[in-house]
Amino acid sequence: MDRKVWEPSMEYIQKHLQESNDNQIKKRAALHNLGCKVNAYETQVMSEQLEAGGYEIVPFSQTADVYVINTCTVTNIADRKSRQMLHRARKKNPNAVIVAAGCYVQSAQEEIQKDLSIDIVIGNNQKKNLLSLLQEFQEKKEHLAEITDMSRPIEYEFMEMQRAGEHTRAFVKIQDGCNQFCSYCIIPYVRGRIRSKDIHLIEREVRGLTAQGYKEIVLTGIHLSSYGREKLQGEADLLTVIQRLGAIPGLERIRLGSLEQGVITEEFLKQVKLIESFCPHFHLSLQSGSEAVLKRMNRHYTPSQFLDTCNRIRKFFPMAAITTDVITGFPGETQEEFEETKAFVRKVKFAQMHIFPFSVRRGTKAQDMPGQLSQSVKSGRAEELIEIGRQMELEYKKQFLHKEIKVLIEEKLLIGDKYYQIGYTKEYVKIALEEKKDYHNNIWTGIVTDFLNNEILLAEK
């Protein structure tokens, strides 16, 4: 008997062609971020670009077809970490496309373009072109470099994030570049002059993120206080941005990244006080409490002006968190100047301090300054300030005991033998609660009862 030949129907063919397409192996891309929140924002946007281009995003620990390392150059250690990550990516997959992007690319252009482990070099203000550069590399199979001359005036690089890496909080970059030229800092040379994102684009981006459920936005930039200063008179400044975002329905919190003390005027504080979603958390970089050291650093304020700003903040926000950065062992820092810094930070009573022993940065004025101190002196002074910082942080948090607080719940953690829901107040004080109901990404109101540990306060209804 003849066997009947089976002929597939058109519907069957279309269905299995679609299944075949769906099962095609996507190219895999892995990204690694080094450095600041601005870098993290840009890395997230590059990740979204790759996804839109058909790539599957995988953890950096996995084998991928493309590795993108968004580098940092804020210290010599950051340079070394950037090189290590680039070479580690090459070892993971010798056939992968290795992309070096960002600040280290700008500061070490000749060196990085000679590195045979790197296929594509992308400087700052060119990260939006990642996908097109990858496509070009696939066609030409030759080394590519796209680096902007940061010594010239340049436009703000348009980037827009569709979703954030975190679940409740989104960091939104609104400013780039710096005109300060502190004597220890390489950033103005690798990020260029100040430039700002159009306020309408900021609004659109934040509205989109809020619509996705993000309750808190953190505005960030290389020198956030400079937002809008390069624009014509009458255009938006940082206060205008905060006011406009404060009117977005569903946005519970607006937090600011690092600021310079000069932007915190009486009028600024009066206006932000009126914005329900504004978070009274002010990170003001001090760097030193000695006027002589500040002058050598090319910082444009005195300790007394800095203290006036802190007092002004507390006039409007008595419980405000004022946090800071301090560098110890700057060239020529005497023991007397260090003692001035210790006395000054105690006078300000910071909520938290980030302490950094001075690190010589190639290409800066501080590199050649006389009076370079030993690592042991710099580290010893850092340890002293870290201990003072611990004491001040504890004293600051004690102010919240037995007070009502509002917490944006972010995660659930096992601490000891109990699970706690963990979140932050507007002042960025970390709070734990034992509530059984899941409050993730919601504002919870309660009373602080005790310290759970030195870092976390315990609260209950």
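Read on for an overview of the structure.

Describing the overall build of the protein chain
Turning to step 1, where the next piece is worked out: A tally of helices and strands in the protein chain yields 14 helices and 18 strands.
Turning to step 2, where the next piece is worked out: Its C-alpha atoms give the protein chain a radius of gyration of 25 Å, within 12% of the compact-globule value 23 Å for 461 residues.
Turning to step 3, where the next piece is worked out: For the protein chain, the spread of C-alpha atoms along the three principal axes comes to 100 × 55 × 50 Å.
Turning to step 4, where the next piece is worked out: A total of 461 residues make up the protein chain; the buried ones form 51% of that total.
Turning to step 5, where the next piece is worked out: Taking contacts inside the protein chain between residues at least 6 apart in sequence as the whole, the part at least 24 apart equals 73%.
Turning to step 6, where the next piece is worked out: When the accessible surface of the protein chain is summed, it comes to about 22,500 Å², and 50% of that surface belongs to carbon and sulfur atoms.
Turning to step 7, where the next piece is worked out: Of the side-chain charges in the protein chain, 64 are positive and 62 negative, and the distance between the mean point of each set is 2 Å.

Quick notes on helix H3 (residues 76–92)
Turning to step 1, where the next piece is worked out: If you check H3, its first and last C-alpha atoms are 25 Å apart, about what 17 residues at 1.5 Å a residue would give, namely 24 Å.
Turning to step 2, where the next piece is worked out: Among all positions in H3, only Ala78, Asp79, Ser82, Met85, Leu86, Ala89 and Arg90 are buried. Seen end-on, H3 carries its buried residues on one side only, within an arc spanning 140 degrees.
Turning to step 3, where the next piece is worked out: Where H3 is buried, its residues meet strand S1 (28–33), strand S3 (66–71), strand S4 (97–102), helix H4 (103–107) and helix H5 (109–114).

Concerning a negative patch on the surface
Turning to step 1, where the next piece is worked out: A cluster of acidic residues, Glu155, Asp198, Glu230 and Glu235, forms a negative patch at the surface.
Turning to step 2, where the next piece is worked out: The topology assignment puts Asp198 in the loop between strand S8 (195–196) and helix H8 (199–211).
Turning to step 3, where the next piece is worked out: What makes Asp198 partly exposed here is its relative accessible area of 36%.

Structural notes on the side chain of Thr324
Turning to step 1, where the next piece is worked out: As for its position among the elements, Thr324 is in strand S12 (residues 321–328).
Turning to step 2, where the next piece is worked out: Within polar-contact distance, the side chain of Thr324 engages the backbone nitrogen of Leu286 at 2.9 Å.
Turning to step 3, where the next piece is worked out: Residues in contact with Thr324, not counting those within four places in the same chain, are His283, Leu284, Ser285, Leu286, Phe306, Phe350, Gln352, Met353 and His354.

Here's the deal with the layout of surface pockets
Turning to step 1, where the next piece is worked out: In this structure, the second largest pocket occupies an estimated 550 Å³ of space.
Turning to step 2, where the next piece is worked out: Residue lining of the second largest pocket: 24 residues in total, with Glu276, Pro280, Lys406, Lys426 and Glu427 positioned closest to the centre.
Turning to step 3, where the next piece is worked out: Where the lining of the second largest pocket is concerned, the elements lending two or more residues are helix H10 (266–273) and strand S14 (404–415).
Turning to step 4, where the next piece is worked out: In terms of residue count, S14 provides more of the lining of the second largest pocket than any other element does, 3 residues in total.
Turning to step 5, where the next piece is worked out: Of the residues in the lining of the second largest pocket, the class split is 13 nonpolar, 2 polar and 9 charged.

Digging into the packing of aromatic side chains
Turning to step 1, where the next piece is worked out: Counted according to the given criterion, the structure contains 12 aromatic pairs.
Turning to step 2, where the next piece is worked out: Seen in terms of ring centroids, Phe60 and Tyr67 are 5.3 Å apart; in terms of plane orientation they differ by 75 degrees. Their pairing is edge-to-face.
Turning to step 3, where the next piece is worked out: Looking at Phe60, the relative accessible area reads 11%, which means it is buried.
Turning to step 4, where the next piece is worked out: According to the relative accessible area criterion, Tyr67 is buried, its value standing at 0%.

Quick word on the nonpolar core
Turning to step 1, where the next piece is worked out: The biggest cluster of nonpolar side chains holds 91 residues, and the ones touching the most others in it are Ile242 and Phe282.
Turning to step 2, where the next piece is worked out: Apart from residues no more than four positions distant in its own chain, Ile242 is found in contact with Leu219, Ile254, Leu256, Phe268, Val272, Ile275 and Phe278.
Turning to step 3, where the next piece is worked out: Formed by 21 residues, the second largest nonpolar core is a distinct cluster that contains Ala78, Tyr104, Val105 and Ala108.

What about unusual backbone geometry?
It is generally the case that most residues other than glycine have a negative phi and that most peptide bonds are trans.
Turning to step 1, where the next piece is worked out: You will see that Tyr428, though not glycine, has its phi angle at about 70 degrees, which is positive.
Turning to step 2, where the next piece is worked out: Note that Tyr428 resides in the loop between strand S15 (418–424) and strand S16 (430–433).
Turning to step 3, where the next piece is worked out: Positive phi values are uncommon outside glycine, yet Asn441 reaches one of about 60 degrees.
Turning to step 4, where the next piece is worked out: Mapped onto the elements, Asn441 comes out in the loop between S16 and strand S17 (443–451).

Procedures and definitions
- Residues numbered from 1 in each chain as written.
- Predicted model: local features only at pLDDT ≥ 70, side-chain atom pairs only at ≥ 80, totals over all residues.
- Heavy atoms only, no water.
- Helix = DSSP H or I, 4+ residues; strand = E, 2+ residues; numbered from the N terminus.
- Rg over C-alpha atoms; globule rule 2.2 N^0.38 Å.
- Buried < 20%, exposed > 50% of the residue type's maximum accessible area, 1.4 Å probe, protein only.
- Contact = heavy atoms within 4.5 Å.
- Areas by Shrake-Rupley, 256 points an atom, 1.4 Å probe, with all protein chains shown as cover.
- Lys, Arg positive; Asp, Glu negative; His and termini not counted.
- Charge placed at Lys NZ, Arg CZ, Asp CG, Glu CD.
- Expected span 1.5 Å × (residues − 1).
- Arc of directions from axis to C-beta.
- Patch = residues over 30% accessible without salt bridge, like charges linked within 9 Å, V, L, I, M, F, W, Y side chains within 5 Å.
- Salt bridge = Lys/Arg side-chain N within 4 Å of Asp/Glu carboxyl O.
- Polar contact = N/O pair within 3.5 Å; in protein donor to acceptor, adjacent residues only side chain to side chain.
- 1 Å grid on protein atoms, 1.4 Å probe; cavity = no way out; pocket = protein on both sides within 12 Å on 5 of 7 lines; lining within 4 Å.
- Points joined across faces, edges and corners; volume = space filled by probe spheres on them.
- Nonpolar A, V, L, I, M, F, W, Y, C, P; charged D, E, K, R; others polar.
- Phe/Tyr/Trp six-rings, centres within 6.5 Å; stacked < 30°, edge-to-face > 60°.
- Core = buried A, V, L, I, M, F, W, Y, C linked by side-chain atoms within 4.5 Å.

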